[in-house]
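As a plain string of letters, each chain reads:
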Amino acid sequence: MPDTALPLRIEVIDSHTAGEPTRCVLSGGPDLGAGPLAERLEKLRAGHDVYRRAILCEPRGSEVLVGALLLDPVDPAAAAGVIFFNNAGYLGMCGHGMIGVAATLSYLGRIGPGKHRIETPVGDVTIALGENDEVTISNVASYRYRARVPVELPGYGMVHGDVAWGGNWFFLIEEHPFTLSLENEEQLTAFTWQVRLALAANGITGANGAEIDHVELFTAAHDLANQSRNFVLCPGKVYDRSPCGTGTSAKMACLAADGKLTPGQLWRQEGILDSVFTGRVELDGERILPYITGSAYVTSEASLIFQSSDPFRNGIPNHDGKAG
């Protein structure tokens, strides 16, 4: 795609959810048509990936940012459509990002208190905007695909984890030698990245051969008011500053499958920054429907400028995080 395809200016609003940043793209994005969100995502990936890199990567962004391209929904009764992306590629859903989208739409006056439907490439998500900046998302149906899957790691031996879907594919590990604290983030990142590479090397996937691109570690919570603490490595070799909405959904699906979480029971998931998401599951027949509650805060409004003479107009090359 030629550089000239980028506009001079793209309007964004930044927010953070429990410490994890989201950059919502309001205008200036590419024309992706009016088809289903999954179809528009493929158009973005195939023909306009320069937008993702230019918006998120250095020098305008950082590897931690998650982008949310706001789009007109297919169904006019929905509040918006959204495609999530990060430094490595595209996300089916993003829990913290959806809470950030809700906070942004509220800030813009596009939604008020109550329930609103948002279209995503992997299905519709309902957001409930409450008082005191709280947002509850009704996520896509989640499930455990495989339990206690073994994977051999050099230097660590055999590691076991559950493969589960929470809007993204996760490998969830409870038996490991680490303390989940911020001062250990380099060790935690190195270990979980090694897991990610081992999963790919051994052909361990989600359903229909889908890549497992998130690795999640668990321990007991540091705060006794919570049930669990996690560390989540996202695609692009960056860790989630929040407790991870899709990761909490995947975790609750595993707990429900083991009979350890009943419908309506609250699950307080603590993240690496001590911030908390409160979750619960409900049942729709055999489907597990996760709900995640958290808060997001708008941090800036900005115009991203793309001067034609800027050698890094499209972002700094080779800053995409890749597995392998």
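Refer to the preceding data block for the structure.
Residues numbered from 1 in each chain as written. Predicted model: local features only at pLDDT ≥ 70, side-chain atom pairs only at ≥ 80, totals over all residues. Heavy atoms only, no water.

### Considerations on the layout of surface pockets
Stage number 1. Here the second largest pocket is characterised by a volume of approximately 270 Å³.
Stage number 2. Residue lining of the second largest pocket: 14 residues in total, with R148, D162, E174, K251 and D258 positioned closest to the centre.
Stage number 3. For the lining of the second largest pocket, the secondary structure elements donating two or more residues are β9 (143–153), β10 (157–165) and α5 (245–257).
Stage number 4. For the lining of the second largest pocket, the per-class residue count stands at four nonpolar, two polar and eight charged. (1 Å grid on protein atoms, 1.4 Å probe; cavity = no way out; pocket = protein on both sides within 12 Å on 5 of 7 lines; lining within 4 Å. Points joined across faces, edges and corners; volume = space filled by probe spheres on them. Helix = DSSP H or I, 4+ residues; strand = E, 2+ residues; numbered from the N terminus. Nonpolar A, V, L, I, M, F, W, Y, C, P; charged D, E, K, R; others polar.)

### Here's the deal with the pairing of strand β4 (residues 80–85)
Stage number 1. Burial analysis of β4 places six of its six residues in the buried class, which makes it a mostly covered element.
Stage number 2. Of the two faces of β4, the one carrying A80, V82 and F84 and the one carrying G81, I83 and F85 are both buried.
Stage number 3. Bridging between strand β3 (residues 66–71) and β4 involves five bridges; their strand directions are antiparallel. When the sheet's bridge partners are listed, L70 is paired in β4 with V82. (Buried < 20%, exposed > 50% of the residue type's maximum accessible area, 1.4 Å probe, protein only. Pairing = 2+ DSSP bridges.)

### Re the packing of aromatic side chains
Stage number 1. By the definition in use, this model includes eight aromatic pairs.
Stage number 2. Ring plane angle 55 degrees and centroid distance 6.3 Å describe the contact between F85 and Y90, whose orientation is recorded as tilted.
Stage number 3. Take F85: its relative accessible area is 2%, and that puts it in the buried class.
Stage number 4. Using a relative accessible area of 12% as the deciding quantity, one classes Y90 as buried.
Stage number 5. An angle of 90 degrees between the planes, with centres 5.7 Å apart, marks the rings of Y143 and W169 as edge-to-face. Of this pair, Y143 sits in strand β9 while W169 sits in strand β11 (residues 169–173), and the two are 26 residues apart along the sequence.
Stage number 6. Exposure remark for Y143: the relative accessible area of 34% places this residue in the partly exposed category.
Stage number 7. Look at W169 and you get buried, because its relative accessible area is 7%. (Phe/Tyr/Trp six-rings, centres within 6.5 Å; stacked < 30°, edge-to-face > 60°.)

### Concerning the pattern of salt bridges
Stage number 1. Scanning the model with the defined rule gives 15 salt bridges in all.
Stage number 2. Two residues, R144 and D162, come together in a salt bridge whose shortest N-O distance is 3.1 Å. Taken together, the residues R144 in strand β9 and D162 in strand β10 connect sequence positions 18 residues apart.
Stage number 3. E282 is the salt-bridge partner of R280, the closest N and O atoms lying 3.2 Å from each other. (Salt bridge = Lys/Arg side-chain N within 4 Å of Asp/Glu carboxyl O.)

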